[in-house]
Amino acid sequence: MDHKKDKHKFSNHNPTIATILSILFAGLGQLYNRRFLKGTIFIILELAFLTTLLDSINYGLWGLRTLGTIPGTDHSIRLLVFGVLALIASILLLALYVFNVLDARNQAIKLKDGWKAKGFKDTIIDFYDSAFPYLMTVPGLLLMIFVVIFPLMFSILLAFTNYTLYNSPPRNLVDWVGFQNFIELVSVPIWQDTFISVLAWTIVWTVVATTLQIAVGLFLALIVNDPRIKFKKLIRTIFILPWAVPAFVTILIFSAMFNDDFGAINRDIIIPLLGGDGIPWLSEPFYARTAVILIQTWLGFPFIFALFTGVLQSISKDWYEAADVDGGSRLQKFRFITFPHIMFATAPLLIMQYAQNFNNFNIIYLFNEGGPPVRGQNAGGTDILISWVYKLTFETNNYAMAAVISLIMGLIISGFAFYQFRQTKSFKEEGEL
Amino acid sequence: MNQKQKSKVEVALIYLIIIITSIIIFYPLIWTVGMSFNQGTSLYSSSLIPENFSLEHYKWLFSEQSDYLIWYKNSLIVSISVAFGSVILTSLVAYAFSRYQFVGKKNALYIFLLLQMFPVMMAMVALYIFLNMIGMLDTLTGLILVYLGGQIPFNAWLVKGYFDTIPRELDEAAKIDGAGHLRVFWSIMLPLAKPILAVVALFNFMMPLFDFLLPSIILSSQDNYTLAVGLFNFINDQFANNFTRFAAGSILIAVPVATVYLFLQRFLISGLTAGGTKG
C-alpha cells in the first residue's frame, strides 16, 4: 500500500507548506494545491480587502480605542459606531481567513493521500452544496447583525464611557471611564436608593404579576374544562377576548378608568360601595403598583388560559379512569396527572412569560409613565428597570447610566436564558410527549 | 348534603365565577364603546350609556383634519411587510438550521435562544444613532428593517422546531429524484410547514400593530406615525380632552383585530406548543 501511495503525483506534497503559504497570503496555499481558480479568488479578495477595507477598519479600531482626540472635530459616538462595526467586520474577516488556512491544509492532506481533484463543474457543485446553508442564513444573519448584535455590543461599550447630556459630542469628547459608572450606581446615594428600590420592585412585579396571571389562567382553564359545564365554546371565546384586543388600547383605557379624579373605578365602584374620596390609584405608589399588577393579570391570563385549555384537552381520559378505579381523590388526580402534564408541555413558554414581564415596558409606561414620582429618587413608583432605562435615555439623556442598567438587566436575562436552555435540553433527553 | 346536591352547588359556584370573570372582562371594553359614542371630549361629563348619543368622533376621524387614515395606512404597510418578510427570512434560516450541518450551527442556536430574551429597549440608543447616520430615521423602511431583524431569533427557533418534525425521508427521497436544495425547500418544506408559517405571519402582522415603544422612538413626524403612536398622542397631550376620540379610534382597530384573533387563536396556540416545546 505504501508503495502505491508513493507513486502518485502529489506524494511529496507537504500540508505544512500549504498551511504556511495560506497564512502568509490568502490563496497561496490553494495555488500550491493547484486549485488555481479558488486560489485566485482568495488572492483577489485579500487584495481588495487590503486596498479598500483595511483603512476603514483601522480607522474604526483607532476610534474605538481613543474615542477621538480633537474636541469639536472628532465625534466620539460616531467613532464608537464605526468602531463596533469595524470590530464585527474584523471578526468575520478573521473567520474567513481561518477558513482559508484550514481549507488549504485539509486539501493538501487529501492530495498527499492520493485524492484526485474533481473537474471544474463538480467543484462548483461541491462548493454550492457546502455553501448552501450559509447562503440561506446570510440575509437573516446580516439583518440580525445590524439590528440586534451591533446595538447590543454598542450599549455594552457605552456603559464604560461618560456619555451624558452634559458631556456629549460634537462639543465634547467622550472618554472611557472603566467601571466608574458601576461604582457610582452603588455608592452615590440617589443612584443607590433608586437602583435598589427599582430592582426590588422589578423582581416583585415579575414574580407576582406573572404568577398571578398563570394561577388565574390555570384555575379558569380547570373549571371551564369541567364536564358538567355547558356552553364551553362561548365561555372560552369570552375568556380569550382580553388577549385579542390590542394591549396598548386596553392599557390606556385602564389608565383612564383608574384616574384618581374622574376614573370610572373610583366614580362608579369605589365611592358608591365604600364611600370616601376614592383611592389614589395614580398618585400613591402602593396603589399604582396594585393597579398595574391587576391590569397585567387581566391582560395576561387569557393566553395562559388558552394554552392550558389546549393541553387539558389532549390529556387522555384513560389516566383519570385508572385513577378512579384506584379511588384517587380530585386533589390527587390534579397533583399527579393534570399538573405534571400541563407543566411538562408548557414549562418553556411559562418561563418566557416571566422574562416577558421582566421586560414589560408597555404596561408600565402607558399606564402612568412609571409614575407617581418618588422623593429622593430619579425613577417613579411603578418604574421597572426597563422603563427606567427609557427615562434615563430619552428624558434625562444619561446614556452611560442607562447602558449600565441595561447591562445589569442583560445579566439577569442571561440567567433566564440559561434556565430556559437547561429546560429545553432536558426536554430533548426525556423525549417528546 | 348528598353527592348530588354537592355537585349542584359546585356547578353553581363555577358558573358564578365564570359570570364574575366575564363581567370583569367586559366592563372596560363596554365602557370604551360607551365613551366613543359620547358627545364632547370630556371624561367628566361622559357616561357609560351616553345621554346624547353621537357619532361625531367617528366622523371626525374620517374628516380632513385628522391623520387617522394615514396612520391606519402606515400601520398596514408596516404590518404586511413585516409579516411577509419575516416568513421568508425565518423559513430560510430555519431550513438551514434544521437540515444542514455547518460550522457554528450549535453556537448560533444558543445565541438565538439568548437573544430572544433581550428587550429591544437595550438596543434603542444604538439603533437610533445608527438609523440617523444612514438616514433611515423617521422612515417606515427603517422601522420595518428593525422589526425584521429583531424577530429572527424567536421565530427561527419556532420554525426550526416545526421543520424538525417533518420526516427527513421526504426530502431525501426528493433529492434522489434529482431535486436541488432550493427545490426541496420550495416544494416540500414550505407546503408542509404552512401551519407554522401562518402563525409566524400572524404574529408578525400583529406585533407591529400593537407596538408602541419602537415607532415612538424611530418615527417623529405626524405623517409617519403608526396607529399606536398616533392614538397615544390623542390622549397624551391633554389627557381628559381627547379620550372619547381615542376610544373611537381604538375601536376601529380593535374590532377587526380581535375578530381575526378569535378565529385564529387555535392555530396560534397549537403552533406555539408544537414549535416551542420541542426546541
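These figures come from a predicted structure and were not determined experimentally. (Residues numbered from 1 in each chain as written. Chains lettered and ligands numbered in written order. Predicted model: local features only at pLDDT ≥ 70, side-chain atom pairs only at ≥ 80, totals over all residues.)

## Details of the overall build of chain B
Link 1 in the chain: The number of helices and strands found in chain B is twelve helices and zero strands.
Link 2 in the chain: Going from the N terminus to the C terminus, chain B shows its helices and strands as α-α-α-α-α-α-α-α-α-α-α-α.
Link 3 in the chain: In terms of C-alpha radius of gyration, chain B reaches 24 Å, well past the compact-globule figure of 19 Å for 279 residues.
Link 4 in the chain: With the C-alpha coordinates aligned to their principal axes, the bounding extent of chain B is approximately 75 × 75 × 35 Å.
Link 5 in the chain: Counting every position in chain B, which comprises 279 residues, the buried fraction comes to 43%.
Link 6 in the chain: Across chain B, every contact between residues at least 6 apart in sequence was considered, and the portion connecting residues at least 24 apart equals 75%. (Helix = DSSP H or I, 4+ residues; strand = E, 2+ residues; numbered from the N terminus. Rg over C-alpha atoms; globule rule 2.2 N^0.38 Å. Buried ≥ 20, exposed ≤ 12 C-beta atoms within 10 Å, placed from the backbone. Contact = placed C-beta atoms within 7 Å.)

## Quick notes on the overall build of chain A
Link 1 in the chain: If you tally the helices and strands in chain A, you get 17 helices and zero strands.
Link 2 in the chain: Compactness check: chain A gives a C-alpha radius of gyration of 31 Å against a globular reference of 22 Å for 433 residues, more than 25% above the reference.
Link 3 in the chain: Expressed as lengths along the three principal axes of its C-alpha atoms, the size of chain A is roughly 100 × 75 × 35 Å.
Link 4 in the chain: Here chain A holds 433 residues, and the buried ones make up 38% of them.

## Some thoughts on the interface of chain B and chain A
Link 1 in the chain: Contacts between the two partners involve 71 residues from chain B and, on the opposite side, 75 residues from chain A.
Link 2 in the chain: In terms of residue count, the dominant contributor to the side of chain B that touches chain A is helix α12 (residues 243-278) of chain B (17 residues).
Link 3 in the chain: Looking at the side of chain B that touches chain A, its residues break down into 56 nonpolar, 14 polar and one charged. (Nonpolar A, V, L, I, M, F, W, Y, C, P; charged D, E, K, R; others polar.)

## Structural notes on the packing of helix α5 (residues 76-112) of chain A against helix α5 (residues 124-133) of chain B
Link 1 in the chain: Here α5(A) crosses α5(B) at 95°, and the two axes come no closer than 11 Å. Taken together, the axes of α5(A) and α5(B) are roughly perpendicular relative to one another. Contacts from Ile77(A), Arg78(A) and Val81(A) in α5(A) reach Ile129(B), Phe130(B) and Met133(B) in α5(B).
Link 2 in the chain: For the contact of α5(A) with α5(B), the residue count by class is five nonpolar, no polar and one charged. (Axes fitted to C-alpha atoms, helices over the stretch in contact; angles between N-to-C directions. Parallel < 35°, antiparallel > 145°, perpendicular 65-115°, else oblique.)

## Some remarks on the domain arrangement of chain B
Link 1 in the chain: In terms of domains, chain B is made up of domain 1 (3-58) and domain 2 (71-278).
Link 2 in the chain: Averaged C-alpha coordinates put domain 1 of chain B and domain 2 of chain B at centres separated by 33 Å. (Domains from an automatic or database assignment.)

## Remarks on unusual backbone geometry
Link 1 in the chain: At Asn397(A), a residue that is not glycine, the phi angle is positive and equals roughly 50°.
Link 2 in the chain: Residue placement: Asn397(A) occurs in the loop between α16 (385-394) and α17 (399-430).
Link 3 in the chain: In the Ramachandran plot, Asp138(B) falls in the positive-phi region, its phi being about 60° despite a non-glycine side chain.
Link 4 in the chain: Following the sequence through the fold, Asp138(B) ends up in the loop between α5 and α6 (140-165).

## Digging into the confidence of the model for chain B
Low pLDDT marks stretches whose predicted atomic positions should not be read closely.
Link 1 in the chain: When pLDDT is averaged along chain B, the result is 84; 92% of the residues meet or exceed 70.
Link 2 in the chain: Highest mean pLDDT in chain B belongs to helix α3 (residues 68-99) of chain B (92); lowest belongs to α12(B) (77). (pLDDT = per-residue confidence, 0-100.)

## Notes on the confidence of the model for chain A
Link 1 in the chain: Averaged over every residue, the pLDDT of chain A is 84; the share at 70 or more is 94%.
Link 2 in the chain: Below a pLDDT of 50 lies the segment residues 429-433 of chain A, which in the model reaches three contacts outside its immediate sequence neighbourhood of four places, other chains included.

## Observations regarding the packing of helix α12 (residues 285-314) of chain A against helix α14 (residues 330-358) of chain A
Residue and element names in this part refer to chain A.
Link 1 in the chain: α14 packs onto α12 with a crossing angle of 160° between their chain directions and a minimal axis gap of 10 Å. Regarding the angle of α12 to α14, the classification is roughly antiparallel. You can see that α12 and α14 cross each other, and the crossing is right-handed. Taken together, the residues of α14 that come into contact with α12 (itself represented by Gln296, Leu307, Phe308 and Val311) are His341, Ile342, Ala345, Thr346, Leu349 and Asn357. (Left-handed = near helix turned anticlockwise from the far one by under 90°.)

## With respect to the environment of Ser81(B)
Link 1 in the chain: By the element assignment, Ser81(B) lies in helix α3.
Link 2 in the chain: It is 9.9 Å that separates the C-alpha atoms of Ser81(B) and Ala201(B), two residues lying 120 residues apart in sequence.

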